[in-house]
Amino acid sequence: MVVGSGLRYIELPRRDSLFLTPPSGLMKYKILIFHLIELIASAAIPNTAKKRFPDAIIVGVKKSGTRALLEFLRINPLIKAPGPEVHFFDKNFNKGLEWYREQMPETRIGEVTIEKSPAYFHSKLAPERIKSLNPNTKIIIVVRDPVTRAISDYTQSSSKRKRMGLMPSFETMAVGDCSNWLRANCTTKTRGVNSGWGAIRIGVYHKHMKRWLENFPLTNIHIVDGERLITNPAEEISATEKFLGLTPVAKPEDFGVDPIKKFPCLKSTDGKLHCLGKTKGRHHPEVDPLVLSTLKEFYGPENKKFYQMINQWFDW
Ligand SMILES: Nc1ncnc2c1ncn2[C@@H]1O[C@H](COP(=O)(O)OS(=O)(=O)O)[C@@H](OP(=O)(O)O)[C@H]1O
């Protein structure tokens, strides 16, 4: 639903209770009345800026380019977002709805409020909780090859723990220690992928996607190709603007390429590049090709299930 339609949750008394059970019976009736009140109020009151619940949420996937997507969407002056990740529907849920709304920027009718918290994608509770707040919320999911995603996830964790020397190699974490095996025998069958490790588990996209599709129709979900967001950002941003019900403003000229990291950056009119910070576009470790092919083999059938679910195909 386009922002400003008036169909938005407003000051419901003790709205936190909405999350305990899906709205039903009397509660549905109350919600309808509050929607009507807001419709009338928005017609009568001038279009003042105020904090509103998000119209759209970038729910993940972690390490797939969610920050780049949000920062690039800001090219559109009608898109407003809080700076930091809010993590309401996973970590901060007990802080209540008023806390959540307080984190949002002030917007006017016609503007789109959007937040991004990439851990929502693999959270068991987030989909249902978001639906309970607003079943019309637009869901945005950035995806990339789960093998690259796992390496990126590992790189982030190891950058935190490296100083303490706590992190084994990516290969050891992903498929166990190969040193006891003849390399020729060192395959998925002999070693097995450590599918319980978070970096691997998050990439089994269809398992998480199932929960989103149980709560939102596919038409309310927009999938962003995280690889194309790097190679052709203008196209991915325009498609997302359209999904948000906005006229696209992103153009290829708005982007340049970081000469060192080779990732796209925003380009201002004076030609200056504004790139993401040093925690984005990190240098990845070189991974043993045997481990890479083992992971590719592991993810192959899982990816297919995901493609079928979303009716969209990627070449991973
Ligand atoms: N424009 C641009 N600049 C820098 N990095 C970019 C960009 N577009 C996509 N990426 C890729 O995004 C990866 C980080 O993903 P997220 O922003 O989703 O990470 S996070 O989950 O919020 O921590 C990040 O992962 P790393 O390369 O491991 O740092 C990048 O591969």
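Data block above holds the structure.
Residues numbered from 1 in each chain as written. Predicted model: local features only at pLDDT ≥ 70, side-chain atom pairs only at ≥ 80, totals over all residues. Heavy atoms only, no water.

Q: What is the right way to read the pairing of strand S2 (residues 56–60) from this model?
A: Within a regular beta strand, the side chains point alternately toward one face of the sheet and then the other, so they alternate between its two faces. Extensive coverage of S2 is indicated by the burial of 5 of its 5 residues. Inspection of the sheet shows S2 paired to strand S6 (residues 138–143) by 4 bridges, in the parallel sense. Its bridge partner lying in S6, Ile58 is registered against Ile140. (Buried < 20%, exposed > 50% of the residue type's maximum accessible area, 1.4 Å probe, protein only. Helix = DSSP H or I, 4+ residues; strand = E, 2+ residues; numbered from the N terminus. Pairing = 2+ DSSP bridges.)

Q: I keep staring at the state of the cysteines and nothing clicks. Help me out?
A: As used here, a disulfide is simply a covalent bond connecting the sulfur atoms of two cysteines. Overall, the coordinates contain 1 disulfide when judged by the stated rule. Each sulfur of the disulfide joining Cys265 and Cys275 lies 2.1 Å from the other. On the sign convention where negative means left-handed, the S-S torsion of about 95 degrees between Cys265 and Cys275 marks this disulfide as right-handed. Placement of Cys265 in strand S9 (residues 264–267) and of Cys275 in the loop between strand S10 (273–274) and helix H12 (289–310) is noted, with a sequence separation of 10 residues between them. The exposure class assigned to Cys275 is partly exposed, which follows from its relative accessible area of 35%. (Disulfide = S-S within 2.5 Å.)

Q: Which parts of the structure should I look at to understand H12?
A: It helps to recall that an α-helix has 3.6 residues per turn; residues three or four apart then point in one direction. In a regular helix each residue adds 1.5 Å, so 22 residues correspond to 32 Å; H12 covers 30 Å between its end C-alpha atoms and thus fits that length. Remark: the principal bend of H12, roughly 35 degrees, maps to Gly300, with a proline, Pro301, within the next four residues. For H12, every residue scored as buried is listed here: Val291, Thr294, Leu295, Phe298, Tyr299, Gly300, Glu302, Asn303, Phe306, Tyr307 and Ile310. Of the residues flanking the start of H12, the one acting as N-cap is Asp288, its side-chain oxygen 2.9 Å from the backbone nitrogen of Leu290. Two residues or fewer after H12 comes Asn311, characterised by a positive phi angle close to 55 degrees. (Expected span 1.5 Å × (residues − 1). Bend = angle between axes of the 7 residues up to and from the residue. Polar contact = N/O pair within 3.5 Å; in protein donor to acceptor, adjacent residues only side chain to side chain.)

Q: Even after reading the chapter, I still don't get the sheet that holds strand S3 (residues 79–80), so can you show me in this structure?
A: Through backbone hydrogen bonds, the strands of a sheet pair up, either in parallel or in antiparallel fashion. Here 5 strands make up an open sheet; going across it, the order is S3-S5-S2-S6-S7 and the pairing parallel. This sheet does not close on itself; its edge strands, each paired only once, are S3 and strand S7 (221–225). Against the sheet, helix H11 (residues 233–243) touches S6 and S7, its axis set at about 175 degrees to S7. (Contact = heavy atoms within 4.5 Å. Axes fitted to C-alpha atoms, helices over the stretch in contact; angles between N-to-C directions.)

Q: Can you help me understand the pattern of salt bridges in this one?
A: Any two side chains of opposite charge can pair, on the condition that their charged atoms come close. Overall, the coordinates contain 12 salt bridges when judged by the stated rule. Between Glu71 and Arg74 there is a salt bridge, with its nearest N and O atoms 3.1 Å apart. Classification of Arg74 as partly exposed rests on a relative accessible area of 32%. Residues Arg149 and Asp153 are paired through a salt bridge, measuring 2.8 Å at the closest nitrogen-oxygen approach. Highlighted residues: Arg149 and Asp153, both in helix H5 (residues 146–161), separated by 4 residues, approximately one helical turn. One connected set of salt bridges, linked through shared partners, spans Lys62, Arg149 and Asp153. (Salt bridge = Lys/Arg side-chain N within 4 Å of Asp/Glu carboxyl O.)

Q: I would appreciate a short explanation of the packing of helix H4 (residues 126–133) against helix H9 (residues 205–215) in the present structure.
A: How two helices pack is summed up by the angle between their axes together with the distance between the axes. Here H4 crosses H9 at 20 degrees, and the two axes come no closer than 9 Å. The orientation of H4 with respect to H9, classified from their angle, is roughly parallel. In this structure, H4 crosses over H9, and the sense of that crossing is right-handed. Seen from H4, the contacting residues are Ala126, Pro127, Glu128, Ile130 and Lys131; seen from H9, they are Arg211, Trp212 and Asn215. (Parallel < 35°, antiparallel > 145°, perpendicular 65-115°, else oblique. Left-handed = near helix turned anticlockwise from the far one by under 90°.)

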